[in-house]
Amino acid sequence: MTSKQRIFTSDPEFCADCGTILPVPGVQNTVVCKKCGFSVPVEAFFGIERVSTTVFNKPKSKSELLRDRDTTLDMPTGPKVDRKCKKCGHEGMTYTTQQTRSADEGQTVFYCCINCKAMEIENS
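For the structure given in this document, a descriptive report is provided here.

## A few points about the state of the cysteines
Stage number 1. Taken as a whole, this structure holds 0 disulfides when the rule is applied.
Stage number 2. Cysteine cysteine 36 shares no disulfide, and the gap to the nearest cysteine sulfur, in cysteine 15, comes to 3.5 Å.
Stage number 3. By relative accessible area, cysteine 36 is classed as partly exposed at 38%.
Stage number 4. Free cysteine cysteine 113: the closest other cysteine sulfur is in cysteine 88, separated by 3.6 Å.

Below is the structure:
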C-alpha cells in the first residue's frame, strides 16, 4: 500500500488534495471536502477558533452618487442607449444602475448625456 502525497500543505480548514475551503465541522466524525471527497477527522479542528466581523457601509445619497462620478474622463462610460437628453436634445446617453432603495423595489438608473454630460435619474 502506497501513501498518497498531498498537493497542499496548509491550515486544517483547507483540503489537502484540492485546496478548497472545508465545511465547518458538524456532528459527524469526519469533515468531507465537497469538491473532491477528501476527509479529515473532526479532531483536527479541535482548538481552532473562527472569528468574523461584519462591516456595514453608510449608503450614499443620490447627490453624493452624482458628485462622486468620475469627472476626469472626456467621455462618459457605460453602455450606450437611444435616449434623448432633456437638456441639450442630443440622442444617445450612457447609463449605470444602482440599488438605492430597499431590495423589494426597483433599481435607480443614472443616465449621462454623451454630449453635455447632464445627468438624469430614473427610478424603476
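## Brief notes about the sheet that holds strand 5 (residues 108–113)
Stage number 1. Judged by pairing direction, the sheet is antiparallel, and its 4 strands sit side by side in the order 3-4-5-6 without closing on themselves. Lying at the two open borders of the sheet, with one neighbouring strand each, are strand 3 (80–84) and strand 6 (119–123). Shown here is a sheet whose adjacent strand axes are inclined to one another by a mean of 40°, direction ignored.
Stage number 2. Taken together, the 6 bridges between strand 4 (residues 91–98) and strand 5 define a ladder with antiparallel strand orientation.

## Side note on the pattern of salt bridges
Stage number 1. The tally for this structure, following the rule as stated, stands at 2 salt bridges.
Stage number 2. For the salt bridge of glutamate 120 with arginine 83, the shortest nitrogen-to-oxygen distance reads 3.1 Å. You can see glutamate 120 sitting in strand 6 and its partner arginine 83 sitting in strand 3, a full 37 residues away along the chain.
Stage number 3. Classification of glutamate 120 by relative accessible area gives buried; the value is 10%.
Stage number 4. Ionic pairing is found between arginine 83 and glutamate 122, a salt bridge with its closest N-O pair at 3.1 Å. Pair noted here: arginine 83 is in strand 3 and glutamate 122 is in strand 6, with a separation of 39 residues, a long-range link.
Stage number 5. With relative accessibility at 32%, the residue glutamate 122 sits in the partly exposed group.
Stage number 6. Overlapping salt bridges bring together Arg83, Glu120 and Glu122 as one network.

Basis of the calculations
Residues numbered from 1 in each chain as written. Predicted model: local features only at pLDDT ≥ 70, side-chain atom pairs only at ≥ 80, totals over all residues. Heavy atoms only, no water. Disulfide = S-S within 2.5 Å. Buried < 20%, exposed > 50% of the residue type's maximum accessible area, 1.4 Å probe, protein only. Pairing = 2+ DSSP bridges. Helix = DSSP H or I, 4+ residues; strand = E, 2+ residues; numbered from the N terminus. Axes fitted to C-alpha atoms, helices over the stretch in contact; angles between N-to-C directions. Salt bridge = Lys/Arg side-chain N within 4 Å of Asp/Glu carboxyl O.

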